[in-house]
Amino acid sequence: MLGDLKDQPVDKIIALIQAYREDPRPVKVDLGVGVYRNPEGVTPVMRAVKAAEKRLWEQETTKSYTGLAGEPDFHHAMANLVLADTVEHERLAFAATPGGTGAIRQGAELIRMAAPGATIWLSAPTWPNHPSILKYLGIPVREYRYFDEESRGVDFSGMLADLESVAPGDVVLLHGCCHNPTGANLNGPQWEELADLMLSKGAVPFVDIAYQGFGDGLDDDAGGVRLLASRFPEMLVAASCSKNFGIYRERTGILMALAGDRATQKLAQSNLTFLNRQNYSFPPDHGARLVTMILADPGLRDDWMAELEAVRRGMLDLRRQLADTLRDMTGSDRFAFIAQHRGMFSRLGATPEQVAAMREDRGIYMVSDSRINIAGLNRTSVPVLAEAMVKAGM
Ligand code: LMR
């Protein structure tokens, strides 16, 4: 039986982690997987998370099962964090999931159950696991243009032109903020225009928001998803707590399905609960409980927000340093886009050969499409990367 299996492709982001570890050079720079690191290269446990864990250890009296779709307190805390007061919670169905990836998977399965044959539209490029999961589930996929390789900003006219072909009931998967892998994001008027177009087409938005708080701040980063929630009768939102709470390995995420009315909400809830039961029964609880505690307690919440804001500002500083260093080295503004991008990632625009050369020469690891994790840099490695880019002929 097992011998009949086909070998599977390795995820190119995850493969980088291993390649970096195996590189024996003492000086190397890991700009691969999207994990925050402080200037010392450490992914810290956030203060509020530590404090909540201590409290939980003292107060928790049982490890018995939670609700099959997760705990209502977590659902509502996350709905408030992501959607604020843009929708009534009675219209939301929820599934707590193992990370944001679990939410994407459950959302895709829900779509397949509700609308077999509906196409899901993906940005070109997007996070590689999006098409991988959808292909695995046999869901038809189409792409819309997103990134302008020249300006390294959003190709908004291309995006709108491609989405003209969306059929009623098709789903459009959008990055809520901090686009992965490009770092180029829609502005407020563009979200409005996009919403107009998708409404006119009868499309259903599916928003993946995995980096809320890493771009322009917690509220600004949720501006797009909140706008859509206030205008669409139905939509799906997959939110991750991995990055903004720094609880990557706890696997904490949530799928929220916005329904047009109470009866549809009940139907969506019953299906999401069913899907959790089929796929993993009860969702992980530890991270969800910490997030709920932090969001409910004003002291913990303030401290979490302050630390998250410091993380965000640190990444913005690194963006500016890199853009300034490249400007000084090249005497040109062609890398100014790095300071305009938001979130953990920027797509630099290097060819695969240039990416390979930077890895060979300087031990700099980035994804082959030249996506870098800004948080993998620090004051020392910014000039190292800038020099390597110039030397590679960028
Ligand atoms: C990334 O894009 O690097 C992160 O979302 C981590 C992952 O699972 O790929």
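Keep in mind that what you see is a predicted model, and the values were worked out from it rather than measured.

Cut-offs used in this document
- Residues numbered from 1 in each chain as written.
- Predicted model: local features only at pLDDT ≥ 70, side-chain atom pairs only at ≥ 80, totals over all residues.
- Heavy atoms only, no water.
- Axes fitted to C-alpha atoms, helices over the stretch in contact; angles between N-to-C directions.
- Helix = DSSP H or I, 4+ residues; strand = E, 2+ residues; numbered from the N terminus.
- Parallel < 35°, antiparallel > 145°, perpendicular 65-115°, else oblique.
- Left-handed = near helix turned anticlockwise from the far one by under 90°.
- Contact = heavy atoms within 4.5 Å.
- Nonpolar A, V, L, I, M, F, W, Y, C, P; charged D, E, K, R; others polar.
- Domains from an automatic or database assignment.
- Buried area = accessible area lost by both parts, 1.4 Å probe.
- Salt bridge = Lys/Arg side-chain N within 4 Å of Asp/Glu carboxyl O.
- Buried < 20%, exposed > 50% of the residue type's maximum accessible area, 1.4 Å probe, protein only.
- Pairing = 2+ DSSP bridges.
- Right-handed = clockwise from strand over helix to strand, strands pointing away.
- Phe/Tyr/Trp six-rings, centres within 6.5 Å; stacked < 30°, edge-to-face > 60°.

**Some thoughts on the packing of helix H4 (residues 99–114) against helix H5 (residues 129–136)**
Contact pair H4 / H5: the axes reach a minimum separation of 10 Å and the direction vectors enclose 40 degrees. Judged on the interaxial angle alone, H5 and H4 are oblique. Handedness of the H4/H5 crossing: right-handed. Across the interface between the two elements, Thr101, Ile104, Arg105 and Ala108 of H4 pack against Asn129, His130, Ile133, Leu134 and Tyr136 of H5. Residue composition of the contact of H4 with H5, grouped by class: five nonpolar, three polar and one charged.

**Some thoughts on the domain arrangement of the protein**
When the domains of the protein are assigned, the result is domain 1 (8–45 + 301–391) and domain 2 (65–296). For domain 1 versus domain 2, the distance between C-alpha centres works out to 26 Å. With 27 residues of domain 1 in contact, the opposing surface of domain 2 contributes 31 residues. By the criterion of area lost to domain 2, the three top residues of domain 1 are Trp304, Arg342 and Arg347, representing 29% of everything that side buries. Where domain 1 touches domain 2, the interface holds two salt bridges. Of the charged contacts, one joins Arg342 and Asp216 as a salt bridge, the two residues approaching to 2.9 Å between their closest N and O atoms. The set of elements that each furnish at least two residues to the side of domain 1 that touches domain 2 consists of helix H1 (12–22), helix H12 (298–330) and strand E9 (345–347). It is H12 that contributes the most residues to the side of domain 1 that touches domain 2, seven residues altogether. Within the side of domain 1 that touches domain 2, the residues separate by chemical class into twelve nonpolar, six polar and nine charged.

**Some details on the pairing of strand E5 (residues 171–175)**
Counting buried residues along E5, five of its five residues qualify, which places the element largely inside the surrounding structure. For strand E3 (residues 120–124) and E5, the ladder comprises two bridges, and the chain directions are parallel. Note that in E5 the partner of Ile120 across the bridge is Val171. Here E5 runs beside strand E6 (residues 204–209); their pairing, made up of five bridges, is parallel. Paired with Val171 across the bridge in E6 is Val204. Between the parallel elements E5 and E6, the chain passes through helix H7 (residues 188–201) in a crossover that is right-handed.

**Overview of the packing of aromatic side chains**
Counted under the stated rule, the structure contains six aromatic pairs. The interplanar angle of 10 degrees and the centroid separation of 4.1 Å between the aromatic rings of Tyr65 and Phe282 together place this pair among those described as stacked. Linking Tyr65 in the loop between helix H2 (47–59) and helix H3 (72–83) with Phe282 in the loop between helix H10 (262–279) and helix H11 (286–296), this pair joins segments that are 217 residues apart in sequence. The class for Tyr65 is exposed, based on a relative accessible area of 66%. Classification of Phe282 by relative accessible area gives partly exposed; the value is 24%.

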